[in-house]
Amino acid sequence: AQSVTQLDSQVPVFEEAPVELRCNYSSSVSVYLFWYVQYPNQGLQLLLKYLSGSTLVKGINGFEAEFNKSQTSFHLRKPSVHISDTAEYFCAVSEGTGTASKLTFGTGTRLQVTL
Amino acid sequence: SAVISQKPSRDICQRGTSLTIQCQVDSQVTMMFWYRQQPGQSLTLIATANQGSEATYESGFVIDKFPISRPNLTFSTLTVSNMSPEDSSIYLCSVALGRATEAFFGQGTRLTVV
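Parameters and conventions
Note that residues are indexed from 1 along each chain, following the sequence as it is written. The lettering of chains begins at A and the numbering of ligands begins at 1, in the order of writing. Residue-level local features of this predicted model are given only where pLDDT is at least 70; pairs of side-chain atoms are given and counted only at 80 or more, and the full residue set underlies all totals for whole chains, interfaces and linings. Note that water and hydrogens are dropped before the side-chain values are worked out from all heavy atoms of the structure. Only DSSP runs of H or I with at least four residues qualify as helices, and only runs of E with at least two residues qualify as strands; both kinds are numbered from the N terminus onward. Only C-alpha atoms enter the radius of gyration, while the globule expectation follows 2.2 Å times N to the 0.38, with N the number of residues. Only protein chains enter the calculation, and the probe is 1.4 Å; a residue is then buried if its accessible area is under 20% of its type maximum, exposed if over 50%, and partly exposed in between. Contacts are residue-level and defined by heavy atoms, with any inter-residue pair within 4.5 Å sufficient. Areas reported here follow the Shrake-Rupley algorithm with a probe of radius 1.4 Å; residue values treat only the protein chains shown as occluding. A residue counts as positive if it is Lys or Arg and as negative if it is Asp or Glu; His and the chain ends are not included. We put the charge of a Lys on NZ, of an Arg on CZ, of an Asp on CG and of a Glu on CD. Accessible area that two parts lose when put together, evaluated with a 1.4 Å probe and summed over both, is termed the buried area. Contacts described as polar in this section are N or O atom pairs within 3.5 Å, which, within protein, must combine one atom able to donate a hydrogen with one able to accept it, while residues neighboring in sequence count only if both atoms come from side chains. Polarity classes work like this: nonpolar for Ala, Val, Leu, Ile, Met, Phe, Trp, Tyr, Cys and Pro, charged for Asp, Glu, Lys and Arg, and polar for all others, with Gly in that last group. Throughout, nonpolar core names a set of buried Ala, Val, Leu, Ile, Met, Phe, Trp, Tyr and Cys residues whose side chains join them through atoms within 4.5 Å.

### Overview of the overall build of chain B
When helices and strands are counted, chain B shows zero helices and eleven strands. The order of helices and strands in chain B, counted from the N terminus, is β-β-β-β-β-β-β-β-β-β-β. Scaling as 2.2 N^0.38, a compact globule of 114 residues should have a C-alpha radius of gyration of about 13 Å, and chain B matches this with 13 Å. Its C-alpha atoms give chain B principal-axis dimensions of about 40 × 25 × 20 Å. In chain B, which comprises 114 residues, the share counted as buried stands at 49%. Expressed as a percentage of contacts within chain B between residues at least 6 apart in sequence, the contacts between residues at least 24 apart total 54%. Looking at chain B as shown, the accessible area adds up to about 5,400 Å², and 48% of this sits on carbon and sulfur atoms. Computing the positive centroid from 8 side-chain charges and the negative centroid from 8, chain B places the two 5 Å apart.

Structure below.
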C-alpha cells in the first residue's frame, strides 16, 4: 500500500519569504504525484501534478515542485509567498494504475503567512 | 475541467438518523469517488462509485454504513447511515475525467452529528 508523509504539520513564514513544503511517498511502482490546496471552508484545488517527463513541475499561483525518484520526494516550493497563500496544502499520490483515480493523501501542511 | 456541486453544503444531524449527500457534475465522467475528511485530518477514500453497479469500498468502510448510488454518469449520492458523533466530518465528492490524469473535488459537505 502506498503512503504519503508530510513531515511538517505547520509552517509559519513571513510574507515575501521563500517556502518549501516537504512530501515523501512510498511506492514500488510508477506513480502520479499531486499537490492540492484547501483554503478555509473550501474544497480542494489542484496546484500542480507530476505525471511524467520533466521532474520540475510548475503550477498555479507561482508554486513549483520537483520530483526526485531516488529520494521518493515531491517537495513544493514558492520563492516569495503572499498572505493569500495561507491555507492547508495536501500532497497526494495515485495508485499504480497511472491515473488520478484513487488518491492517497498526506496529513497536510498548514502554511501560515504573516506580515 | 469539471464543476461539481454538492448538496447540502453543511448539516447538523441527530445521532441515529441518516443523511444523503448529493453530487452533481456538469459533464459525464468516468470515475466518481467519495472521500471523508475528519476534523484536523487528511482525506480518506471511502469508495468508488460505479455507474450501474455496486460501489467499491475501501478497507474500513462498508455498504451498510455508507450506501452509494450512481444512477448515471453525472450524479451520485452518499448516505451516512445511523449516524454517531464520530461521523462528524467533511464528505467530498471527487471525479476524474478522460484519462484520469487529474481529480476534481466538490466543495464538500460539512456534517456535524449531535
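Right, picking up where we left off after that structure.
### So, the interface of chain B and chain A
With 20 residues of chain B at the interface, the matching set in chain A holds 20 residues. Of the roughly 1,600 Å² buried between chain B and chain A on both sides combined, carbon and sulfur atoms contribute 53%. Remark: the boundary between chain B and chain A carries five residue pairs in polar contact (both at pLDDT 80 or more). Contributions of two or more residues to the side of chain B that touches chain A are made by strand E4 (31-37), strand E5 (43-49) and strand E10 (103-105) of chain B. With four residues, E4 of chain B is the largest single contributor of residues to the side of chain B that touches chain A. Residue classes in the side of chain B that touches chain A are distributed as nine nonpolar, seven polar and four charged.

### A look at the nonpolar core
With 28 residues, the main nonpolar core has Leu-33, Trp-35, Leu-47, Leu-48, Phe-74, Leu-76 and Tyr-89 of chain A as its most contacted residues. Among the elements that make up this core, the one with the highest residue count is strand E10 (residues 87-94) of chain A (four residues). Apart from residues lying up to four places away in sequence, Phe-74 of chain A is in contact with Cys-23, Leu-33, Phe-34, Trp-35, Leu-48, Lys-49, Tyr-50, Ala-65, Glu-66 and Phe-67 of chain A. Formed by 27 residues, the second largest nonpolar core is a distinct cluster that contains Cys-13, Cys-23, Ala-55 and Ile-68 of chain B.

Fair warning: the whole summary comes from geometry, so function is off the table for now.
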